[in-house]
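Residue-level listing of the chains:
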Amino acid sequence: MTGATDKALRGGRGASVPEPARTDPGAAPPAARRPRRQRLWREVTPWLFLLVPLALLVVFTYAPVVNMVAYSFTDWDGVSPELTFTGLGNYVEIFTRPELFQVFFVSGYYLAASVVQIAAALYFATVLSFHTRFRAFFKGVLFFPYLINGVAIGFVFLYFFQDGGTLDSVLRLFGASGDHAWLSSATSANISLAGVSVWRFMGLNFVLFLGAIQSIPGELYEASELDGAGRWQQFRHIIAPGIRPVLSLSVILAVSGSLSVFEIPYIMTGGATGTETFVIQTVKLAFQFDKTGLASAAAVVLLLIILAVTWVQRRLVPDDKVDLV
């Protein structure tokens, strides 16, 4: 028994050696097919997750934009099934009628307000990024207006600025007499509405700035304090360079937002007393005067202006990588 075993282990003639399994020389081995199949699934799986979001994006964003561009070359009234191709007639009318572009001067009030808004948000974000008493409370107070619905804000401030309203009542406590028609003239109405936009949207910029400041390594502040740097030197040499990408984003949002203001002036004044913006004018062209083709052309012009301003801003202030170390 032992000899037979030794003989089999030595590969003698009496040992029965099983024949290797015969395989097709043209077929790939199972171990090679499996990784190829796994790689295929790895490439396809992300697109399966993106299928529904991409479909929604195309259906509710890109398809309406394409339809808007197509309608801008017609005289469609928004109701009739018949369309008449007018070529560039709508665009010629927009650029040859001064009253259609005069509303862009109203955006200057909101552009100036956005400067105040960014400056105030940056100030509060810088102060509250350090150890301050009741810091969490002030964060909530500053961010809360951004959470309120714009329609509700419009109605609240409509009563706030009315004759004998809340603002006049507060001013009487400080000795001011009489009621003031804050929304009766173009200048005072636009300043009031721009002030409301500052109150509402400052919270968004505040949160963006605060997150960017808190992402800066704390060792830089400690090293600067050892070198005798004060708060202004820390802001100038550490905070300002560190939040430059976020600051650039805030400027883009401010410029595009000032050009496309709609919600607050539409609810509070309806565009009356010289407060009509380009978007309010576009909405009136489409739904009040039944000129959907002309309104579509105006919307395309506004889109191109915002894209051009954004491109110029990105060229003037490129988004370089920040390296504070």
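None of these values were measured; they are calculated from a predicted model.

Okay, the packing of helix 12 (residues 244-259) against helix 15 (residues 292-316) next. Between helix 12 and helix 15, the least distance of the axes is 10 Å, while the angle of their chain directions is 155 degrees. Here helix 12 is positioned roughly antiparallel relative to helix 15, judged by the angle of their axes. For the element pair helix 12 and helix 15, the recorded crossing hand is right-handed. Of the residues in helix 15, those touching helix 12 at Ser-248, Val-251, Ile-252, Val-255, Ser-256 and Leu-259 are Leu-302, Ile-305, Ile-306, Val-309, Thr-310, Gln-313 and Arg-314. Its residues assigned to classes, the contact of helix 12 with helix 15 shows eight nonpolar, four polar and one charged.

A few words now on the side chain of Ser-248. Tracing the chain through its elements places Ser-248 in helix 12. At a separation of 3.2 Å, a polar atom in the side chain of Ser-248 contacts the side chain of Gln-313. Among all residues touching Ser-248, those that are not within four sequence positions of it are Gln-313, Arg-314 and Val-317.

Here we come to the side chain of Ser-192. Tracing the backbone through its elements, the reader meets Ser-192 in helix 9 (residues 186-214). What makes Ser-192 buried here is its relative accessible area of 8%.

What follows is about the pattern of salt bridges. Tallied over the entire structure, the rule returns four salt bridges. A salt bridge links Arg-200 to Glu-263, with the nearest nitrogen and oxygen atoms 2.6 Å apart. In this pair, Arg-200 sits in helix 9 while Glu-263 sits in helix 13 (residues 263-268), placing the two residues 63 residues apart along the sequence. Judged by relative accessible area, Glu-263 falls into the partly exposed class, the value being 31%. We note a salt bridge from Glu-276 to Lys-284, for which the minimum N-O separation is 3.4 Å. A relative accessible area of 21% places Lys-284 in the partly exposed class. One connected set of salt bridges, linked through shared partners, spans Glu-93, Arg-97 and Glu-99.

This part is about the confidence of the model for the chain. Considering every residue of the chain, the mean pLDDT works out to 83; 87% of them sit at 70 or more. For the stretch residues 1-5, pLDDT sits under 50, and the model shows zero contacts to residues farther than four places along the chain or on other chains.

Another aspect to go through is the nonpolar core. Counting residues in each nonpolar core, the largest one holds 20 residues, and the members touching the most others are Ala-125, Phe-206, Phe-209, Ile-213, Tyr-221, Ile-239 and Ile-243. Looking at this core, the elements with two or more residues in it are helix 5 (107-129), helix 9 and helix 11 (231-242). Ranked by the residues each element gives to this core, the list is headed by helix 9, at six residues. In this structure, Ile-94, Leu-259, Phe-278 and Ala-295 belong to the second largest nonpolar core, which totals 18 residues.

This brings us to the environment of Ser-256. Within the element layout of this structure, Ser-256 appears in helix 12. Residues Ser-256 and Ile-305, 49 residues apart in the sequence, show an inter-C-alpha distance of 8.9 Å.

Applying the stated rule across the entire model yields 14 aromatic pairs. Considering the side-chain rings of Phe-104 and Phe-278, the 4.5 Å spacing of their centres and the 20 degrees angle between planes classify their relative orientation as stacked. With Phe-104 in the loop between helix 4 (98-101) and helix 5 and Phe-278 in helix 14 (residues 278-287), this pair connects stretches of sequence that are 174 residues apart. A centroid spacing of 5.7 Å and a plane angle of 80 degrees characterise the contact between Phe-130 and Tyr-221, whose relative ring orientation is edge-to-face. Of the two residues, Phe-130 sits in the loop between helix 5 and helix 6 (135-147) while Tyr-221 sits in helix 10 (residues 218-226), which places them 91 residues apart along the sequence. Take Phe-130: its relative accessible area is 16%, and that puts it in the buried class. Aromatic rings pair up to connect Phe-157, Phe-160, Phe-161 and Trp-199 into one cluster. Above the ring of Phe-130, the side-chain terminus of Arg-231 is found at 3.9 Å from the ring centroid.

Of all residues except glycine, most have a negative phi; of all peptide bonds, most are trans. Of note, Phe-134 is a non-glycine position whose phi angle comes to about 60 degrees, a positive value. Look at Phe-134 and you get exposed, because its relative accessible area is 56%. At Asp-290, a residue that is not glycine, the phi angle is positive and equals roughly 55 degrees. Note that Asp-290 resides in the loop between helix 14 and helix 15. Classification of Asp-290 as partly exposed rests on a relative accessible area of 44%.

Each value, and the rule that gives it
Residues numbered from 1 in each chain as written. Predicted model: local features only at pLDDT ≥ 70, side-chain atom pairs only at ≥ 80, totals over all residues. Heavy atoms only, no water. Axes fitted to C-alpha atoms, helices over the stretch in contact; angles between N-to-C directions. Helix = DSSP H or I, 4+ residues; strand = E, 2+ residues; numbered from the N terminus. Parallel < 35°, antiparallel > 145°, perpendicular 65-115°, else oblique. Left-handed = near helix turned anticlockwise from the far one by under 90°. Contact = heavy atoms within 4.5 Å. Nonpolar A, V, L, I, M, F, W, Y, C, P; charged D, E, K, R; others polar. Polar contact = N/O pair within 3.5 Å; in protein donor to acceptor, adjacent residues only side chain to side chain. Buried < 20%, exposed > 50% of the residue type's maximum accessible area, 1.4 Å probe, protein only. Salt bridge = Lys/Arg side-chain N within 4 Å of Asp/Glu carboxyl O. pLDDT = per-residue confidence, 0-100. Core = buried A, V, L, I, M, F, W, Y, C linked by side-chain atoms within 4.5 Å. Phe/Tyr/Trp six-rings, centres within 6.5 Å; stacked < 30°, edge-to-face > 60°. Lys NZ or Arg CZ within 6 Å of the ring centre and 35° of its normal.

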